[in-house]
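Examination of the molecular architecture
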Amino acid sequence: MSQKFQKTLKEQLELNGTGLHTGVEVNLILKPSEANTGIIFKRTDVEKSKNIIEASYKNVSSATLCTKIENSEGVSVSTVEHLMAAFYGEGIDNVLVEINGPELPIMDGSSFDFVDAIRSVGTEDQKSMKRIINVLKKTEVKDGDKFISIEPLDKDLIIDFEIVYKNPLIRTRRKEFKLSEADLNSIYNSRTFCLYEDIDQIINSGLAKGGSLENAIVVKENKILNENGLRNRHEFVSHKILDCLGDLMLSGNRIYGLIKTSQGGHLLTNKLLR
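Residues numbered from 1 in each chain as written. Predicted model: local features only at pLDDT ≥ 70, side-chain atom pairs only at ≥ 80, totals over all residues. Heavy atoms only, no water.

All right, on to helix H2 (residues 112–121) then. Note: α-helices contain 3.6 residues per turn, so residues at a spacing of three or four share the same orientation. Residues of H2 that are buried: Phe 114, Val 115, Ala 117, Ile 118 and Val 121. An end-on view of H2 places all buried positions within 160° of arc, on one side of the element. Tucked into the core, H2 has its buried residues touching strand E1 (5–9), strand E2 (13–18), strand E3 (25–32), helix H1 (81–89), strand E10 (123–129) and helix H3 (184–188). Following H2 by one or two positions, Gly 122 has its phi on the positive side, about 85°. (Buried < 20%, exposed > 50% of the residue type's maximum accessible area, 1.4 Å probe, protein only. Helix = DSSP H or I, 4+ residues; strand = E, 2+ residues; numbered from the N terminus. Arc of directions from axis to C-beta. Contact = heavy atoms within 4.5 Å.)

Structure (structure tokens):
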């Protein structure tokens, strides 16, 4: 399997589920697409003249608890990061994503179901070369104690991610992910998480209408409320790396560089790309 050529799906696949924040049931169809078309979202519940949204960092309209992209007509699709991370990790460059609602299904809170579906149909090489960003100089974005930076790295992507929580169970954790050597399955498998004390505020903000212990880890003080606990001991920080990988896919290219971040998230990653 070549790493130099662009890839798409061998055949279309279909998934369905509930949006984490909207609580809306949606159907998702992923279709093979021509080389150099990138990842395109198509809202099949919206009139044809307004329903195309390019998966680009330039189209990110909100980065609060998820990544939302929006076209010039105001039509949007949210929580794209887990599917985009699956595309990045599986080397997929060109896909048409048809969806009949405003938010991607959250599935189990990770990328596992997306990756499993992609692997079930397989990918195929296309005739065009992959487009790659080579970082030439260090760039950094700061927001108080939070920061994200990227600097040159030869023919690989490294994400060095630190999370800092006052919660006694999560605490401060740091993990380095190297794309060429990493166990991608442990990243794909890592679920989104939240603190129990934040749930009311999130719901009052109109979010997490579809959230449950079936699609998110909930931490209350020093206890995990999910019956089977964590899937791996790095699951918290690994999910943040998953989110970062998905948001980086919105560059429309592969990236060679060393990313370092502390308390990063959707907004900081988008600011770095911009």
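As enumerated under the stated definition, the model contains 2 aromatic pairs in all. On the numbers, 5.0 Å between centres and 75° between planes, the contact of Phe 193 with Phe 236 is edge-to-face. Of this pair, Phe 193 sits in strand E16 (residues 193–195) while Phe 236 is found in helix H5 (residues 235–248), placing the two residues 43 residues apart along the sequence. We classify Phe 193 as buried; its relative accessible area is 13%. Among the aromatic residues, those joined into a cluster by ring pairs are Tyr 165, Phe 193 and Phe 236. (Phe/Tyr/Trp six-rings, centres within 6.5 Å; stacked < 30°, edge-to-face > 60°.)

The next point concerns H5. For H5, spanning 14 residues, the distance from its first C-alpha to its last is 20 Å, which sits close to the expected 20 Å at 1.5 Å a residue. By the criterion of burial, H5 is predominantly enclosed, with 14 of the 14 residues buried. (Expected span 1.5 Å × (residues − 1).)

Across the sheet, which stays open at both edges, the 5 strands sit in the order E2-E3-E9-E4-E5 with mixed pairing between neighbours. The two strands at the open ends of the sheet, each matched to only one other strand, are E2 and strand E5 (52–54). Taken over all neighbouring pairs, the strand axes of this sheet differ in orientation by 25° on average, direction set aside. Contacting E3, strand E4 (39–43) and strand E9 (95–99), H1 runs over the sheet at an angle of about 145° to E4. Of the strands in this sheet, E2 and E3 are in contact with H2, which crosses E2 at around 165°. (Pairing = 2+ DSSP bridges. Axes fitted to C-alpha atoms, helices over the stretch in contact; angles between N-to-C directions.)

On to the pairing of strand E12 (residues 139–143), then. Sheet analysis places E12 next to strand E13 (residues 146–151), joined by 5 bridges and oriented antiparallel. By the bridge assignment for E13, Lys 142 is matched with Phe 147.

As a further point, take the pattern of salt bridges. A complete count under the given rule lists 11 salt bridges for this structure. Arg 191 is the salt-bridge partner of Glu 235, the closest N and O atoms lying 2.8 Å from each other. A residue pair is termed long-range when its members are at least 10 positions apart, and Glu 235 in helix H5 and Arg 191 in the loop between H3 and E16 qualify at 44 residues. Classification of Arg 191 by relative accessible area gives buried; the value is 9%. The network of salt bridges with common partners includes Lys 31, Lys 42 and Glu 98. (Salt bridge = Lys/Arg side-chain N within 4 Å of Asp/Glu carboxyl O.)

Attention shifts here to the side chain of His 21. Inspection of the secondary structure puts His 21 in the loop between E2 and E3. Residue His 21 is classed as buried on the basis of its relative accessible area, which comes to 6%. Once you skip the residues sitting within four places of it in the chain, His 21 turns out to touch Leu 65, Cys 66, Thr 79, Glu 103, Gly 206, Leu 207, Ala 208 and Lys 209.

Interaxial distance between H5 and helix H6 (residues 266–273) falls to 10 Å at its minimum, and their mutual angle equals 35°. Every pair of crossing elements has a handedness; the one defined by H5 and H6 is right-handed. On H6, the residues that touch Asp 243, Cys 244, Asp 247 and Leu 248 of H5 are His 266, Thr 269 and Leu 273. (Left-handed = near helix turned anticlockwise from the far one by under 90°.)

Keep in mind these numbers describe shape, not what the thing actually does.
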